[in-house]
Structures are given as C-alpha cells and as structure tokens.
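Coordinates in review
Each chain, letter by letter, is given below.
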Amino acid sequence: MTEPIIAQPIKLIAIDLDGTLLNSQHEMTVLSEKALKAAMDRGVKVVIATGKTFASATHLVKNLNLTTPGIYVQGTITYNSNGTMHIQHTVPAHLARQVITFADERGYELGLYSGNRILVRKLTRRMEELTTYFQEPAPEGAASGRKVRIIQ
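All of the points below concern the structure found in this document. Source: prediction; values computed, not measured. Counting of residues starts from 1 at the beginning of each chain's written sequence and follows it residue by residue. The predicted nature of this model means local features are confined to residues of pLDDT at least 70 and side-chain atom pairs, given and counted, to a pLDDT of 80 or more, with totals for whole chains, interfaces and linings taken over all residues. For side-chain calculations, the full set of non-hydrogen atoms in the structure is used, while hydrogens and water are omitted.

Examining the sheet that holds strand S5 (residues 85-88)
DSSP bridges decide pairing: two strands pair if at least two such bridges lie between them. Put simply, DSSP marks the helices as runs of H or I at least four residues long and the strands as runs of E at least two long, and each gets a number from the N terminus on. In space, the 3 strands of this open sheet follow the order S3-S4-S5, with antiparallel pairing throughout. A single partner strand is all that each edge strand has here, and the edge strands are strand S3 (70-72) and S5. Averaged over all pairs of adjacent strands, the angle between strand axes in this sheet comes to 25°, irrespective of strand direction. Pairing geometry for strand S4 (residues 77-79) and S5, over 3 bridges, is antiparallel. Axes here refer to lines fitted to C-alpha atoms; in helices the fit is confined to the stretch in contact. Angles between the N-to-C directions go from 0 to 180 degrees.

Laid out in structure tokens, this is it:
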C-alpha cells in the first residue's frame, strides 16, 4: 500500500504574465486579482516571473502591492518590488558581437535589450512589435514610452 500524499501549504506563487496572469487583452482579470490578493492575505508570497521588463509589470506590482522581488527579461534580471535592480546577468561583449555578426550574415532580424532600451539594426514591423512587448503600457491617449535605438 502506498503512503497517502499529504499536501503542504503553498508558500509561494511564481506567475508568468502573458497568457497566464494576463488575458488576451493583456489585462489581469478581477478574478485573478482577487485570488492572488487572497493568497497573499494568507501569507503566500507572489513573484512575477516573465520574459518582459520590470517597466512592463510596474502597474501590476503596484496594483497587487507586491513586496517580493520579481524575475524579468527571460530570467536575466531580478528587481526588487521598488524597482531597484537585485541581480543582472549580462552577455559578455565579445559574445554579443559574435551573435550580431551571425545574425547579420544570415539576414536575421535582431533586437537586443540593453538596460531600458532595445537596440535594432532596422525598425521592422517585427521589431516594432517587440518594443511594445518590453514596455509598460502607455496610459490611454498618451504617447508610447518606447525607447528604440537603431544601431549601425
């Protein structure tokens, strides 16, 4: 006879944004917000873990009143809930040059995230789409806060 499984209390929820916490309109539903806040009221820590930037999630951090660090930019940067950087992992410059050369020689589109901006060779439709993915949504009627630099 097998031993019964005894459920351990949940201590932490690490949650992705696009297609998980956020719906197809890139919004958190009222039900999701209530569920996370109820879990937090019970002492469960909530951590955002996303490929997006901290800027793209600032409104969620504030809305949920998160105090935990979050994981951003495909796991390369962790930020404290107040927006200060906790840890950042970068690609060495020589390796970045090799990747850029490899992509250029094959005609690939390449967008590089650097700090709070995206570097591109040419602002194509795909690169324009990526810039919206990495930035905080602009308030309705306001100009976008995207920071894109064309590199040569």
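Notes on empty space enclosed by the protein
Residues are called lining when one of their atoms sits within 4 Å of a cavity or pocket point, these points coming from a 1 Å grid over the protein atoms alone, where a cavity is a set in which a 1.4 Å probe fits but cannot get out and a pocket is an open set with protein on both sides within 12 Å along at least five of seven lines. Grid points are joined across faces, edges and corners, and a volume is the space filled by probe spheres set on the points. By the definition in use, this model includes 1 cavity of 30 Å³ or more. By volume, the largest cavity amounts to about 30 Å³. Taken together, Ile 48, Phe 54, Val 61, Leu 66, Thr 68, Pro 69, Gly 70, Tyr 72, Tyr 79, Asn 80 and Ser 81 make up the full set of residues lining the largest cavity. When contributions to the lining of the largest cavity are tallied by element, the ones reaching two or more residues are helix H2 (54-64) and S3. Following the grouping adopted for this structure description, the nonpolar residues are Ala, Val, Leu, Ile, Met, Phe, Trp, Tyr, Cys and Pro, the charged ones are Asp, Glu, Lys and Arg, and the polar ones are all others, Gly among them. Of the residues belonging to the lining of the largest cavity, the class tally is 7 nonpolar, 4 polar and no charged.

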